[in-house]
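# Residue-level structural notes
Here's the letter readout for the chains.
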Amino acid sequence: MRALTYHGAHDVRVETVADPALQEPDDIILRVTATAICGSDLHLYRGKIPSTEHGDIFGHEFMGIVEDTGSAVIELHRGDRVVIPFVIACGSCFFCQHELFAACETTNTGRGSIINKKSIPPGAALFGYSHLYGGIPGGQAELVRVPKANVGPFKVPAALTDDKVLFLSDILPTAWQAVLNAEIGQGSSLAIYGAGPVGLLSAACAKMLGAQTIFMVDDNDYRLAYARDTYGVIAINFEQDDDPADTIIRQTPGMRGVDAVIDAVGFEAKGSTTETVLAALKIEGSSGKALRQSIAAVRRGGVVSVPGVYAGFIHAFMFGDAFDKGLTFKMGQTHVQKYLPTLLEHIEAGRLQPELIVTHRLALEEAAQGYKMFDKKEDECRKVILVPGAGRGA
Ligand SMILES: NC(=O)c1ccc[n+]([C@@H]2O[C@H](COP(=O)([O-])OP(=O)(O)OC[C@H]3O[C@@H](n4cnc5c(N)ncnc54)[C@H](O)[C@@H]3O)[C@@H](O)[C@H]2O)c1
Ligand SMILES: [Zn+2]
Ligand SMILES: [Zn+2]
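Residues numbered from 1 in each chain as written. Chains lettered and ligands numbered in written order. Predicted model: local features only at pLDDT ≥ 70, side-chain atom pairs only at ≥ 80, totals over all residues.

### Overview of the environment of Ser188
- Here Ser188 shows up in the loop between helix H4 (171–181) and strand S10 (189–193).
- For the pair formed by Ser188 and Leu166, sequence separation is 22 residues and the distance between their alpha carbons is 29 Å.
- Residues in contact with Ser188, not counting those within four places in the same chain, are Ala211, Gln212, Asp259 and Ala260. (Helix = DSSP H or I, 4+ residues; strand = E, 2+ residues; numbered from the N terminus. Contact = placed C-beta atoms within 7 Å.)

This is the structure in structure tokens:
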């Protein structure tokens, strides 16, 4: 089959590799009909995630048609059309029973990414996300083996196109969890750092839940313009305004700050010269720029919700400021499985239209070009969908 494989930073290729085979009785083999490139894939693409090996197949946002089922698969049959959560969960361990699927303690044979780990088991395995997360081949491929198939795969109605339901695999539940964690409701004020797919869908979810004011910060005017036109955000370009948090605060009643902030950027945040230098010297692995801005922009007693990925030490994390303001932090990988029935209802009712963020549909064969475009923000790229089997230029 054809699949997108890793060969070092900024070098991904579509190659012919061995077809996957059933390994466990509760596995299925899925024929992928659509897959997307995630902002999380960019961390891999830029060589920032340890234990990513040459030949690893990326891809954790995908859907398709069940091709083959193991003997213990009871929920699915050949021909079923399903979306696959990026989190691989067993459904029965302590954490799965608490619907904390990303913390599933039985699926990951890797070590996870906690530095001061002690004896804690790693969180769930993830598709196509390094050997820290189990080394499970991903879905930017024609075929993919899906473990725990009685728990993860989610059937979707034939009436909904791939574009409408594909993002149930990751970024829509991620945005939803971020907004729930931020405790957004009728009349809330919110600032979102990052106008990538996660930030944009967070704005969509927040608007649906009645947020009154949404600020959005990025340095890509085209992404900000889309967010302003589609979700009514107040856009701030941090290239033109070097302290967005202060600009946000000045527009809130009593200069108290916003009720909640969502950091949809993560550890590769741009904008701090010091941290760019430290990262280049490998003295610091992460930028705390978006997190510092988030802590600054939120009101006392507010929530900082962090869907953006962080790993290891964060430079100049203002914990004292957070203490003084009495903040709540909520964060982490998304417990995807938990949110799918609710989100599907919102899509079916037309309240959420996640497909609006898509700008590029490419053949899987053109995936390397898709990565470059999404990484460099070329051609006003917001989100790339890859279609296996389609010829060049599809
Ligand atoms: N928690 C989860 O389960 C989960 C799931 C999906 C994605 N993510 C993470 O969410 C983050 C966003 O993903 P995405 O797909 O939207 O990626 P993306 O890379 O397209 O978007 C990030 C955006 O942040 C902007 N940005 C960079 N520095 C900034 C700064 N200092 N202030 C404000 N904006 C800044 C970039 O210009 C870009 O538009 C990534 O870290 C990704 O790994 C987490
Ligand atoms: Zn993702
Ligand atoms: Zn589990």
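### A short note on the UniProt feature "domain: Alcohol dehydrogenase-like C-terminal" (unreviewed entry) in the protein chain
- The feature "domain: Alcohol dehydrogenase-like C-terminal" (unreviewed entry), as given by UniProt, occupies residues 197–285 in the numbering adopted here.
- Helix makes up 42% of residues 197–285 and strand 18%. Its end C-alpha atoms lie 23 Å apart. (UniProt positions renumbered as here; feature names shortened; annotations may be inferred.)

### Quick notes on the environment of His335
- For His335, the location among the structural elements is in the loop between strand S15 (328–331) and helix H11 (336–348).
- For His335 and Gln177, which are 158 residues apart along the polypeptide, the C-alpha to C-alpha distance reads 8.0 Å.
- What His335 contacts, discounting residues up to four positions off in sequence, is Glu99, Leu100, Phe101, Ala102 and Gln177.

### Quick look at the site of ligand 1
- Near ligand 1, the surroundings consist of 34 residues, among which Gly39, Ser40, Gly194, Gly196 and Gly266 are the closest.
- Of all the elements in the fold, those that place two or more residues in the shell around ligand 1 are helix H1 (39–45), H4, helix H5 (197–208), strand S11 (213–218) and helix H9 (289–297).
- Considering every element that reaches the shell around ligand 1, the biggest residue donor is H1, with 4 residues. (Near = placed C-beta within 6 Å.)

### Structural notes on H11
- Its 13 residues give H11 an end-to-end C-alpha distance of 18 Å, which sits within 8% of 18 Å, the value for a rise of 1.5 Å per residue.
- Maximum bend of H11: about 35°, positioned at Thr342.
- Among the residues making up H11, those that are buried are Val336, Gln337, Lys338, Tyr339, Leu340, Leu343, Leu344 and Ile347.
- For H11, the secondary structure elements touched by its buried residues are strand S6 (87–88), strand S9 (154–155), helix H3 (162–165) and H4. (Expected span 1.5 Å × (residues − 1). Bend = angle between axes of the 7 residues up to and from the residue. Buried ≥ 20, exposed ≤ 12 C-beta atoms within 10 Å, placed from the backbone.)

### Overview of the pairing of S15
- Across 4 bridges, the pairing between strand S14 (residues 298–306) and S15 is parallel. Within the sheet, the bridge partner assigned to Ser305 lies in S15 and is Lys330.
- In terms of handedness, the path from S14 via helix H10 (residues 319–325) over to S15 forms a crossover that is right-handed. (Pairing = 2+ DSSP bridges. Right-handed = clockwise from strand over helix to strand, strands pointing away.)

### Things to note about the UniProt feature "domain: Alcohol dehydrogenase-like N-terminal" (unreviewed entry) in the protein chain
- Per the UniProt entry, the sites bearing "domain: Alcohol dehydrogenase-like N-terminal" (unreviewed entry) are residues 25–153 in this numbering.
- For the annotated span residues 25–153, helix accounts for 9% and strand for 23% of the residues, and the straight-line distance between the end C-alpha atoms is 15 Å.

### Quick look at the packing of H4 against H11
- Where H4 meets H11, the closest approach of the two axes is 9 Å, and the angle between their N-to-C directions is 95°. On the basis of the axis angle, H4 is roughly perpendicular to H11. Contact residues: Leu172, Pro173, Trp176 and Gln177 in H4; Val336, Tyr339, Leu340 and Leu343 in H11.
- Residue classes in the contact of H4 with H11 are distributed as 7 nonpolar, 1 polar and no charged. (Axes fitted to C-alpha atoms, helices over the stretch in contact; angles between N-to-C directions. Parallel < 35°, antiparallel > 145°, perpendicular 65-115°, else oblique. Nonpolar A, V, L, I, M, F, W, Y, C, P; charged D, E, K, R; others polar.)

### A short note on the nonpolar core
- In this structure, Ala124, Leu190, Ala191, Ala203, Ile214 and Met216 are the most contacted members of the largest nonpolar core, which totals 122 residues.
- Once residues within four sequence positions are removed from consideration, Ile214 is found in contact with Leu190, Ile192, Ala203, Ala206, Lys207, Tyr231 and Val233. (Core = buried A, V, L, I, M, F, W, Y, C linked by C-beta atoms within 7 Å.)

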